[in-house]
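The lines below spell out each chain.
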Amino acid sequence: MTIKYSYSCVIFSSIIYVIFILLVSCENVAFQSNQYIHNAENIIEQSPEAAMQILDSIIDPTSLSKDELYRYNLLKIQSKDKLYKDITQDTVIFEICDYYINQKEYLTAAKSCYYAGRVLHEKKENDRAIHFYKEAERYADYLGSDLNLKGVIQTNIGYLLYHQFEFKEALTCFKKA
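Computed from a predicted structure; not experimentally measured.

What about the pattern of salt bridges?
Next up, step 1: Here the structure, examined in full by the defined rule, presents nine salt bridges.
Next up, step 2: Of the charged contacts in the structure, one is a salt bridge between Asp-56 and Lys-76, with a shortest N-O distance of 2.4 Å. On the criterion of sequence distance, the pair formed by Asp-56 in helix α2 (residues 48-56) and Lys-76 in helix α3 (residues 66-82) is long-range, its members being 20 residues apart.
Next up, step 3: A relative accessible area of 47% means that Asp-56 is categorised as partly exposed.
Next up, step 4: Linking Arg-128 and Glu-125 is a salt bridge whose minimum nitrogen-to-oxygen distance equals 2.8 Å.
Next up, step 5: On the basis of relative accessible area, Arg-128 is assigned to the partly exposed category, the value being 43%.
Next up, step 6: Overall, Glu-125 belongs to the partly exposed group, its relative accessible area being 26%.
Next up, step 7: What emerges from the salt-bridge pattern is a single network uniting Asp-81, Arg-118 and Glu-122.

Here we look at the packing of aromatic side chains
Next up, step 1: A full pass over the atoms with the stated rule returns eight aromatic pairs.
Next up, step 2: Ring centres of Tyr-106 and Tyr-139 lie 5.8 Å apart, and the angle between their planes is 15 degrees; this geometry places the pair in the stacked category. In this pair, Tyr-106 is assigned in helix α5 (residues 106-122) and Tyr-139 in helix α6 (residues 126-143), connecting sequence segments 33 residues apart.
Next up, step 3: Ring pairs connect the aromatic residues Tyr-70, Tyr-99 and Tyr-100, which therefore count as one cluster.
Next up, step 4: We note Arg-128 situated over the ring of Phe-94; from NZ or CZ to the ring centre the distance is 5.7 Å.
Next up, step 5: The side chain of Arg-138 reaches across the aromatic face of Tyr-139, ending 4.7 Å from its centre.

A closer look at the packing of α3 against α5
The geometry of a pair of packed helices is captured by two quantities: the angle between their axes and the separation between those axes.
Next up, step 1: Taken N-terminus to C-terminus, the directions of α3 and α5 make an angle of 50 degrees; their axes are 11 Å apart at the nearest point. Between α3 and α5, the angle falls in the class oblique. Considering the relative orientation of α3 and α5, their crossing is left-handed. For the pair α3 and α5, contact is made by Leu-74, Ile-77, Gln-78, Asp-81 and Lys-82 and by Thr-108, Lys-111, Ser-112, Tyr-115 and Arg-118, respectively.
Next up, step 2: When its residues are assigned to classes, the contact of α3 with α5 shows three nonpolar, three polar and four charged.

A short note on the packing of helix α7 (residues 147-163) against helix α8 (residues 167-176)
Next up, step 1: Relative orientation of the contacting elements α7 and α8 amounts to 165 degrees, with a least axis distance of 8 Å. With respect to each other, α7 and α8 are oriented roughly antiparallel. The two elements α7 and α8 meet at a crossing, and its hand is left-handed. Contact with α7, carried on its side by Gln-154, Thr-155, Ile-157, Gly-158, Tyr-159, Leu-161 and Tyr-162, involves Phe-167, Glu-169, Ala-170, Cys-173, Phe-174 and Lys-176 of α8 and no other residues of that element.

Details of the environment of Ile-59
Next up, step 1: With respect to the element layout, Ile-59 can be found in the loop between α2 and α3.
Next up, step 2: Residue Ile-59 is classed as exposed on the basis of its relative accessible area, which comes to 85%.

Procedures and definitions
- Residues numbered from 1 in each chain as written.
- Predicted model: local features only at pLDDT ≥ 70, side-chain atom pairs only at ≥ 80, totals over all residues.
- Heavy atoms only, no water.
- Salt bridge = Lys/Arg side-chain N within 4 Å of Asp/Glu carboxyl O.
- Helix = DSSP H or I, 4+ residues; strand = E, 2+ residues; numbered from the N terminus.
- Buried < 20%, exposed > 50% of the residue type's maximum accessible area, 1.4 Å probe, protein only.
- Phe/Tyr/Trp six-rings, centres within 6.5 Å; stacked < 30°, edge-to-face > 60°.
- Lys NZ or Arg CZ within 6 Å of the ring centre and 35° of its normal.
- Axes fitted to C-alpha atoms, helices over the stretch in contact; angles between N-to-C directions.
- Parallel < 35°, antiparallel > 145°, perpendicular 65-115°, else oblique.
- Left-handed = near helix turned anticlockwise from the far one by under 90°.
- Contact = heavy atoms within 4.5 Å.
- Nonpolar A, V, L, I, M, F, W, Y, C, P; charged D, E, K, R; others polar.

Encoded structure:
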C-alpha cells in the first residue's frame, strides 16, 4: 500500500512540476516577445531592417496579447514600408487604426492612420489615402511634438494632390511639411 501511495505522490508531484515549468516558460516567452517589440520600436527609424529581423525572431506572433499583436503588426508594416517592400496586402492596418483610435492612444493612432494611408496610396486609392493621411494629421495635432510625422503626412498629401492636378493645395501641403 505504501509503494502505491509513494508512486502516486511521485506522479502527482511530477505533474505539478511540469505544469509549473510550463507556466514559467510561457510567461518568459511573453516577456521576451514584449521586449522584442519594444526594441524594434526603438530602432525602427534608424534601422528598419534590424527592426524587421527582431520582429521576425518572434516565433509565434498569434500568441501575443491583442495590444502586442497590433503593435507587432504596425511595426511590421512600418518596417516593410521603410524597406520599400509591398504593403498593399497589409489591410490589417485598418483594424489597428480603429483599435488605437478607440483606445485614445493618439501617437499610435496617428502612426496607424498614416500607414493606412500608405497602404491605400500604394494601392492607388488616392482619395481614401488622403482621408487617412488627414486622420493621421488630426491625431498628430493632439500631440503637437512629432514634427517629423506631421511633415511626412503633409508631404504625402501634397504628392497625391499634385498628381490630381490640385497644384495650389499641393503647394500648401509642401509648405506645411
